[in-house]
Amino acid sequence: MPWPTQILPLRTLLAPAPAAGHGSFPRALVPAGSRAFPGALVPCALVVVLLAVLPGAPGLLAGPLSAQATASPGPGDPDGPVVLHAGALFDGTGDELATHVRIVVEDGRITAVGTDVEVPAGAHEVDLSGWTVLPGLMDMHTHITSDPADGYGESRFRDFPGTAALIGAKNARLTLLAGFTTVRNAGASEYADVALRDAINAGMLPGPRILTAGKGLGITGGHCDQTGYRPDLFPETGVEDGVFNGTDEVKAAVRHQIKYGADLIKTCATAGVLSAGTEIGPAQPTPAELETMVEVAAMLDRRVMAHAHGIEGIRNAVRAGVASIDHGAVLDEEIMEEMIQRGTYLVPTMMAFEYVWDAAEAGTLAPWSAEKAREITPIARESHRAAIAAGVPMAFGTDAGVFPHGTNADEFRLLVEAGMSPARALRSATLEAARLLGMEDELGTVEVGRIADLVAVPGNPLEDIELMKEVGFVMKDGRIWLEDGVPAPDAR
Ligand SMILES: [Zn+2]
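Worth saying up front: this structure is predicted, and the values here are computed from it rather than measured.

Procedures and definitions
- Residues numbered from 1 in each chain as written.
- Predicted model: local features only at pLDDT ≥ 70, side-chain atom pairs only at ≥ 80, totals over all residues.
- Helix = DSSP H or I, 4+ residues; strand = E, 2+ residues; numbered from the N terminus.
- Buried ≥ 20, exposed ≤ 12 C-beta atoms within 10 Å, placed from the backbone.
- Contact = placed C-beta atoms within 7 Å.
- pLDDT = per-residue confidence, 0-100.
- Axes fitted to C-alpha atoms, helices over the stretch in contact; angles between N-to-C directions.
- Left-handed = near helix turned anticlockwise from the far one by under 90°.
- Nonpolar A, V, L, I, M, F, W, Y, C, P; charged D, E, K, R; others polar.
- Parallel < 35°, antiparallel > 145°, perpendicular 65-115°, else oblique.
- Pairing = 2+ DSSP bridges.
- Expected span 1.5 Å × (residues − 1).
- Core = buried A, V, L, I, M, F, W, Y, C linked by C-beta atoms within 7 Å.
- Domains from an automatic or database assignment.
- Right-handed = clockwise from strand over helix to strand, strands pointing away.

J.: Lay out the overall build of the protein in plain terms, naming residues and giving numbers.
T.: Summing up its helical and strand segments, the protein has 15 helices and 17 strands in all. When each of the 492 residues of the protein is scored for burial, the buried share is 54%. Sequence separation of 24 or more characterises 72% of the internal contacts of the protein that already satisfy a separation of 6 or more.

Rendered as structure tokens:
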């Protein structure tokens with residue numbers, strides 16, 4: 001039977017029964033490597049599992065389950081305070097789990113965290129005693145309005161302007177239910193990303209908090225332009241499309257994106273794997289163009305993220321003062337040292353490299369993309385391993401959209417396989433990501449005063465990082481979207 005992993009917390013069924021309920025939890029902090037807590041069965045999860053394993057039982061989200069979810073308080077938007085009873089907590093500030101913690105949420109904010117905090121009268125209580133609670137996960141490189149393409153870019157001729165927004169609505173739900181409560185979106189066509197962000201913020205549909213770039217900015221013929229086509233097939237691109245040549249056009253292009261709703265600026269400092277007709281090594285914008293971009297964006301309180309593979313483009317972007325190098329395939333010791341000095345983040349998007357590598361091997365990429373994927377992926381693996389070892393600031397980012405949305409958490413496995421400790425990998429997707437956005441006073445940790453974005457996984461992710469793919473509880477802005485693996489009624 002095919003299990004949707006984020007819906008079925010199977011490990012809760014397989015875990016040993018608790019010895020003596022809540023009272024058996026040690027109240028002190030436990031070291032990272034130790035077995036944190038007994039996997040108490042959450043009654044509601046058991047019901048889900050039993051329903052699902054009954055022969056001929058309806059699908060997980062069909063009638064009986066919906067009825068069951070309605071009968072209990074269940075997911076949704078309860079009035080008044082919510083109290084989470086967490087078996088364990090990774091609060092994002094350190095390397096360890098705390099056990100048997102209560103988290104009180106009121107008006108979308110965390111108002112109390114601790115082992116002895118009082119449960120406010122009339123609170124909606126959520127039993128997460130078999131779970132580890134973490135800050136909501138944050139992916140710093142998504143293309144939420146895109147689905148995987150074959151590298152030929154044929155959809156440009158078929159899709160209507162509204163198509164991207166509808167693809168985004170589908171992916172926003174998948175992303176949120178996978179535990180990603182915030183994403184930094186790295187560019188979209190026709191402001192579909194801005195429309196999607198605004199629709200989510202207005203409560204029209206479920207999705208993560210989106211901070212988005214609008215259209216990516218780059219040079220004529222660069223990775224952020226339309227490349228590889230005959231000139232009569234598309235109108236020539238200009239500043240309104242994010243294409244600049246010279247510092248004056250850079251100023252206009254930055255201000256144009258901000259005028260239409262960009263929260264940040266994305267630039268293409270080098271070519272990319274999936275664009276046609278370009279080599280991946282050379283730098284694309286000039287150092288002066290990048291410096292101007294960072295300067296005028298900063299004047300309007302926006303940060304710049306730079307897509308970059310080759311070392312020269314990476315150097316130019318780091319020295320211009322961008323907030324992050326995304327992908328960062330080719331790194332040397334000198335530039336890693338400079339990134340550490342300046343606090344420039346690397347957003348490695350390991351999943352994207354693995355996906356294009358696999359697609360190249362499977363013969364499903366366009367030949368020009370496959371060639372670049374084969375050339376760059378082994379180099380990127382080495383660079384990322386070296387950056388982790390050197391202590392380059394790193395924020396979690398996947399490039400979801402290059403591969404299917406909702407699977408973002410597999411990046412945790414790749415980070416750990418490349419030498420990152422599980423705790424640091426979790427912080428890269430929480431506190432470090434919040435710092436990259438300049439939102440560390442609002443997001444990224446479980447502390448009093450923070451926005452109530454919280455997720456839970458069934459076990460200890462410091463021992464088994466792949467548990468991050470089994471998120472079974474999601475709260476965003478104090479509202480519960482997933483509980484015991486069951487989506488809230490308007491997220492089904
Ligand atoms: Zn990207």
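J.: Lay out helix H9 (residues 311–320) in plain terms, naming residues and giving numbers.
T.: In terms of residue burial, H9 counts as a mostly covered element, since seven of its ten residues are buried. Along H9, the positions that sit buried rather than exposed are Gly313, Ile314, Arg315, Asn316, Ala317, Val318 and Ala320. On its buried side, H9 packs onto helix H8 (287–299), strand E11 (304–308), strand E12 (324–327) and helix H10 (333–342).

J.: So what's going on with the confidence of the model for the protein? Which residues, and what values?
T.: When pLDDT drops low, the exact placement of atoms in the prediction is not to be read closely. Confidence in the prediction for the protein averages 86 pLDDT; 84% of positions are at 70 or higher. Of the regions scoring below 50 in pLDDT, residues 1–74 engages in 110 contacts with residues more than four places distant in sequence or in other chains.

J.: Could you give me a rundown of the packing of helix H7 (residues 247–259) against H8, with the residues and numbers involved?
T.: The geometry of H7 relative to H8 is characterised by a closest axis approach of 9 Å and an angle of 35° between their N-to-C directions. As for how H7 packs across H8, the hand of that crossing is right-handed. Between H7 and H8, the residues in contact are Thr247, Val250, Lys251, Val254 and Arg255 and Ala288, Glu289, Thr292, Met293, Val296 and Ala297, respectively. Taken together, the residues that form the contact of H7 with H8 break down as six nonpolar, two polar and three charged.

J.: So, the packing of helix H11 (residues 350–362) against helix H13 (residues 410–417): which residues are in play, and what are the values?
T.: Their axes nearest at 9 Å, the elements H11 and H13 cross at an angle of 95°. As summarised for this structure, H11 and H13 are arranged roughly perpendicular, according to the angle between their axes. From H11, Met350, Met351 and Glu354 reach across to H13, where they touch Asp410, Glu411, Leu414 and Leu415. For the contact of H11 with H13, the residue count by class is four nonpolar, no polar and three charged.

J.: Break down the sheet that holds strand E4 (residues 124–135) for me, citing the residues and quoting the values.
T.: A sheet is described by the order of its strands in space; here eight strands give the open sequence E3-E2-E1-E4-E14-E15-E16-E17, paired in mixed fashion. Each edge of the open sheet carries a strand with a single partner, namely strand E3 (109–114) and strand E17 (486–487). With three bridges connecting them, strand E15 (residues 473–476) and strand E16 (residues 479–483) associate as antiparallel partners. Bridging from a neighbouring strand, Val474 pairs with Leu482 of E16.

J.: Which residues make up the sheet that holds strand E13 (residues 345–347), and what values do they have?
T.: Picture the strands of a sheet paired through backbone hydrogen bonds; they go either parallel or antiparallel. Strand order in the open sheet formed by four strands is E10-E11-E12-E13, with parallel pairing between adjacent strands. The open sheet has two edge strands with one neighbour each: strand E10 (265–268) and E13. Mean inter-strand twist for the sheet, computed between neighbouring axes without regard to direction, equals 25°. As judged from the three bridges shared by E12 and E13, these two strands associate in the parallel manner. Bridge assignment links Ile325 to a residue of E13, and that residue is Leu346.

J.: Run through unusual backbone geometry, naming residues and quoting values.
T.: The phi angle at Glu190 is positive, at roughly 50°, despite the residue not being glycine. Structurally, the position occupied by Glu190 is in the loop between strand E6 (180–185) and helix H6 (192–201). Accessibility expressed as a C-beta count within 10 Å gives 17 for Glu190, which makes it partly exposed. Of note, Asp399 is a non-glycine position whose phi angle comes to about 75°, a positive value. Inspection of the secondary structure assignment puts Asp399 in the loop between helix H12 (367–390) and H13. The exposure class of Asp399 is buried, given the 28 C-beta atoms found within 10 Å.

J.: Outline H11, supporting the account with residue identities and numerical values.
T.: A rise of 1.5 Å per residue sets the reference length of H11, with its 13 residues, at 18 Å; its end C-alpha atoms lie 18 Å apart and thus fit the reference within 8%. Of the residues making up H11, those classed as buried are Met350, Met351, Ala352, Phe353, Tyr355, Val356, Trp357, Ala359 and Ala360. Where H11 is buried, its residues contact H12 and H13. Downstream of H11 by one or two residues, Gly363 has phi in the positive range, about 75°.

J.: So what's going on with the pairing of E15? Which residues, and what values?
T.: Burial along E15 is two-sided: the face carrying Phe473 and Met475 and the face carrying Val474 and Lys476 are both buried. With three bridges connecting them, strand E14 (residues 454–457) and E15 associate as antiparallel partners. Looking at E15, one finds that Leu454 is bridged to Met475. Hairpin remark: E15 followed by E16, antiparallel, with two residues in the connecting loop; positive phi at Asp477, about 55°.

J.: Please provide a residue-by-residue account of the environment of Asp127, values included.
T.: Within the secondary structure, Asp127 is located in strand E4. Spatially, the C-alpha atom of Asp127 lies 5.2 Å from that of His85, the residues being 42 residues apart in sequence.

J.: Describe the nonpolar core, with residues and values.
T.: Counting residues in hydrophobic clusters, the biggest one holds 143 residues, and the most contacted among them are Ile103, Val133, Met293, Ala317, Val322 and Val356. Ranked by the residues each element gives to this core, the list is headed by H11, at nine residues. For this core, the two domains that each supply at least three residues are domain 1 (10–135 + 447–491) and domain 2 (137–437). Not counting residues within four places of it along the chain, the set of residues in contact with Val356 comprises Val273, Leu365, Ser369, Ala373, Thr377 and Val402.

J.: With reference to specific residues and values, describe the environment of Ile379.
T.: Structurally, Ile379 is set in helix H12. Among the residues examined, Ile379 registers 15 C-beta atoms within 10 Å and is labelled partly exposed. Once residues lying within four places of it in the same chain are set aside, the contact partners of Ile379 are Ala329 and Val330.

J.: Break down the pairing of E12 for me, with residues and values.
T.: Of the pairings in the sheet, the one linking E11 to E12 comprises four bridges and is parallel in character. Bridge assignment links Ala308 to a residue of E12, and that residue is His327. Handedness of the β-α-β unit built from E12, H10 and E13 comes out right-handed.

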